[in-house]
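# Structure at a glance
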Amino acid sequence: MAHINTVALKSYEVLKQAKKKGKPVIYHTHTTYEDFRGSIKGSYVLSPIIKFWTKKLYNEADYLISPSEYTKNLIKSKYLEKEKEIRVISNGVNINKFNKNEVLKEKFLNEYKSVYDINKPLIITAGLPFERKGIKDFVKVAQECSDYQFLWFGSSSVKSMLPDKIQKIIENPPKNLIFPGYVDKDILIGAFSAAKAFLFMTYEENEGIVVLEALSAKLPLVVRDIPVYEDWLEDGKTCFKARTNEEFCEKIRNIVENNVENLDEIIETAYNIAVERDLLNIGKKYKEYYEYILNQKNK
């Protein structure tokens, strides 16, 4: 059996070799045309090529795995030429690693106290600083909520690959917004422990691993109201959804200023989603699917 996660040329070689040997091929549908647009330079020009190539790979696989029902339906409706089984398995999260940690919180605050006023309410996000991830809106919300501190964690190694307008944002952010780039896990978990809310303004996502990390860390989650969250995140019950920058500011202020009556209940209910998607449970789902595929082959 071959389980392929990327869409590089080497992946196609692996697929063809497995097929030649009569091995079943599972493809993980992490990459989509929709998810690629608004990322690196030229992504809007390259995205049709990405769609052509991913369609080819996904159609030649025997089985598919999608990280969410949204991605499953997207692949079925826009990528597959004929009916194919798609199993939904979350990317998962390590709930033992992503949780509130007072020691790491103090470590983070000590490291950043010379960088910003640590007495200001802290709002964080994480991910590659792509336009698709909502970086321009994130800046506008930071400007609107100028009495709060904002941090965007994410690798800076891709900076040269970003469009000029995004590079300028990173180089000249508002005074209350910092782009620390890549940080080690201890600092990141310390930031999760110190923050008042996790703000994720992406326009397109196949699931959102950082969303699961925020839920696991019991950090109030504010997300854009987009289809990927429809069937598993509920506004006012497990998260806070917004469509406009004004709504995002309002949701953040309500959290910071304790204007959410049942916030503790929302956080605990949201945490249960992370528990369901803990890596141990995800591992069991993979094992079950692998056994099913091997049984199908031996029939």
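Residues numbered from 1 in each chain as written. Predicted model: local features only at pLDDT ≥ 70, side-chain atom pairs only at ≥ 80, totals over all residues. Heavy atoms only, no water.

Looking at an unreviewed UniProt entry, the protein carries the name Group 1 glycosyl transferase, with the source organism given as Leptotrichia shahii.

## Thoughts on helix H5 (residues 102–112)
The condition that has to hold: For every residue, the accessible area (1.4 Å probe, protein chains only) is compared with the maximum for its type, and the residue is labelled buried under 20%, exposed over 50%, or partly exposed between those bounds. Secondary structure elements are taken from DSSP: a helix is a run of H or I of four residues or more, a strand is a run of E of two residues or more, and numbering for both begins at the N terminus. As used here, the arc belongs to the directions running from the helix axis to the C-beta atoms. Should any heavy atoms of two residues lie within 4.5 Å, those residues are considered in contact. Pairing of N or O atoms within 3.5 Å defines a polar contact, subject to two protein rules: one partner must be a possible hydrogen donor and the other a possible acceptor, and residues neighboring in sequence count only if both atoms are side-chain atoms.
When we look at burial in H5, the residues that qualify are Leu104, Phe108, Leu109 and Tyr112. Within H5, the buried residues cover an arc of 140° as seen down the axis, which keeps them to one side. Residues of H5 that are exposed and angled more than 90 degrees away from the buried face: Glu102 and Val103. Taken together, the buried residues of H5 touch strand S5 (122–126), strand S6 (149–153), strand S7 (177–181) and helix H8 (185–194). The residue sitting at the N-terminus of H5 and contributing the capping side-chain oxygen is Asn101; that oxygen lies 3.0 Å from the backbone nitrogen of Val103.

## Description of helix H4 (residues 69–78)
For H4, the full list of buried residues reads Tyr70, Thr71, Leu74 and Ile75. Looking straight down H4, one finds that the buried residues subtend no more than 130° of arc, so they occupy a single side.

## Examining the pattern of salt bridges
To keep things clear, this is the line we draw: Salt bridges, as used here, are contacts in which a Lys or Arg side-chain nitrogen is within 4 Å of a carboxyl oxygen on Asp or Glu.
Taken as a whole and judged by the stated rule, the model has 22 salt bridges. With a closest N to O distance of 3.8 Å, Arg87 and Glu288 form a salt bridge. Here Arg87 is found in strand S4 (residues 86–88), whereas its partner Glu288 is found in helix H12 (residues 279–298), with 201 residues between them in sequence. By relative accessible area, Arg87 is classed as partly exposed at 24%. On the basis of relative accessibility, which here comes to 49%, the residue Glu288 falls in the partly exposed class. Connected through shared salt-bridge partners, Asp35, Arg132, Lys133 and Glu205 make up one network.

## Focus: the UniProt feature "domain: Glycosyltransferase subfamily 4-like N-terminal" (unreviewed entry) in the protein
What counts here: UniProt positions are given in the numbering used here, feature names are shortened, and annotations may be inferred rather than shown by experiment.
Per the UniProt annotation, the sites labelled "domain: Glycosyltransferase subfamily 4-like N-terminal" (unreviewed entry) are residues 3–96. End C-alpha atoms of residues 3–96 are separated by 26 Å, and the span's content is 47% helix alongside 14% strand.

## Comments concerning the nonpolar core
In a soluble, globular protein the nonpolar side chains are often hidden away together inside. Using the following cut-off: Nine residue types can take part in a nonpolar core, namely buried Ala, Val, Leu, Ile, Met, Phe, Trp, Tyr and Cys, and a core is a set of them joined through side-chain atoms within 4.5 Å. The domain limits used here are those given by an automatic or database domain assignment.
Counting 63 residues, the largest nonpolar core has Phe108, Ile124, Phe153, Phe198 and Leu215 as its most contacted members. Considering each element in turn, this core owes the most residues, six residues, to H8. Residue-level mapping places this core at the junction of two domains, with at least three residues from each of domain 1 (2–92 + 278–298) and domain 2 (102–277). Ignoring any residue separated from it by four or fewer positions in sequence, one finds Phe108 in contact with Tyr116, Leu122, Leu151, Phe153, Ile187, Gly190, Ala191 and Ala194. Core analysis: the next-biggest nonpolar cluster, separate from the first, contains 36 residues, Ile135, Phe138, Cys249 and Val260 among them.

## Describing the packing of aromatic side chains
Threshold: Any two rings among Phe, Tyr and Trp, with Trp reduced to its six-membered ring, count as a pair given centres within 6.5 Å; such a pair is stacked if its planes are under 30 degrees apart, edge-to-face if over 60, and tilted if neither. Only when the NZ of Lys or the CZ of Arg is both within 6 Å of the ring centre and within 35 degrees of the ring normal is a charge said to sit over the ring.
Under the criterion given, the structure shown has 14 aromatic pairs. Pairing Tyr229 with Trp232 gives two aromatic rings, centres 5.8 Å apart and planes at 65°, and the pair type is edge-to-face. Here the two residues Tyr229 and Trp232 agree in accessibility, since each one is buried. Taken together, Phe98, Phe192, Phe198 and Phe200 form an aromatic cluster joined through their ring pairs. Note that Arg253 overlies the ring of Tyr148, its terminal NZ or CZ placed 4.9 Å from the centroid. Taking the ring centre of Trp232 as reference, the NZ or CZ of Arg277 above it sits at 4.1 Å.

## Observations concerning the sheet that holds S7
Applicable threshold: Pairing between strands is defined by DSSP: at least two bridges between them are needed. In this analysis an axis means a line fitted to C-alpha atoms, helices contributing only their contacting stretch, and an angle means the value between N-to-C directions, from 0 to 180 degrees.
One open sheet holds the six strands; their spatial order is S7-S6-S5-S8-S9-S10, and the pairing between them is parallel. Only two strands of the sheet have a single partner each, and these edge strands are S7 and strand S10 (240–242). Neighbour-to-neighbour, the strand axes of the sheet open up by a mean angle of 25°, direction not taken into account. In this structure, S6 lies alongside S7, joined through three bridges in parallel fashion. Paired with Phe150 across the strands is Leu177, a residue of S7. Seen against the sheet, H8 touches S5, S6 and strand S8 (197–200) and runs at an angle of roughly 140° to S5.

## Brief notes about the sheet that holds S4
In space, the four strands of this open sheet follow the order S1-S2-S3-S4, with parallel pairing throughout. Sheet topology places strand S1 (2–4) and S4 at the edges, where each strand pairs with a single neighbour. The mean angle between the axes of side-by-side strands here comes to 20°, regardless of whether they run parallel or antiparallel. Bridge count between strand S2 (residues 25–28) and strand S3 (residues 63–66): three bridges; the pairing is parallel. For Tyr27, the partnering residue across the bridge sits in S3 and is Leu64. In the packing of H4 onto the sheet, the strands contacted are S3 and S4, and the crossing angle to S4 comes to about 165°.

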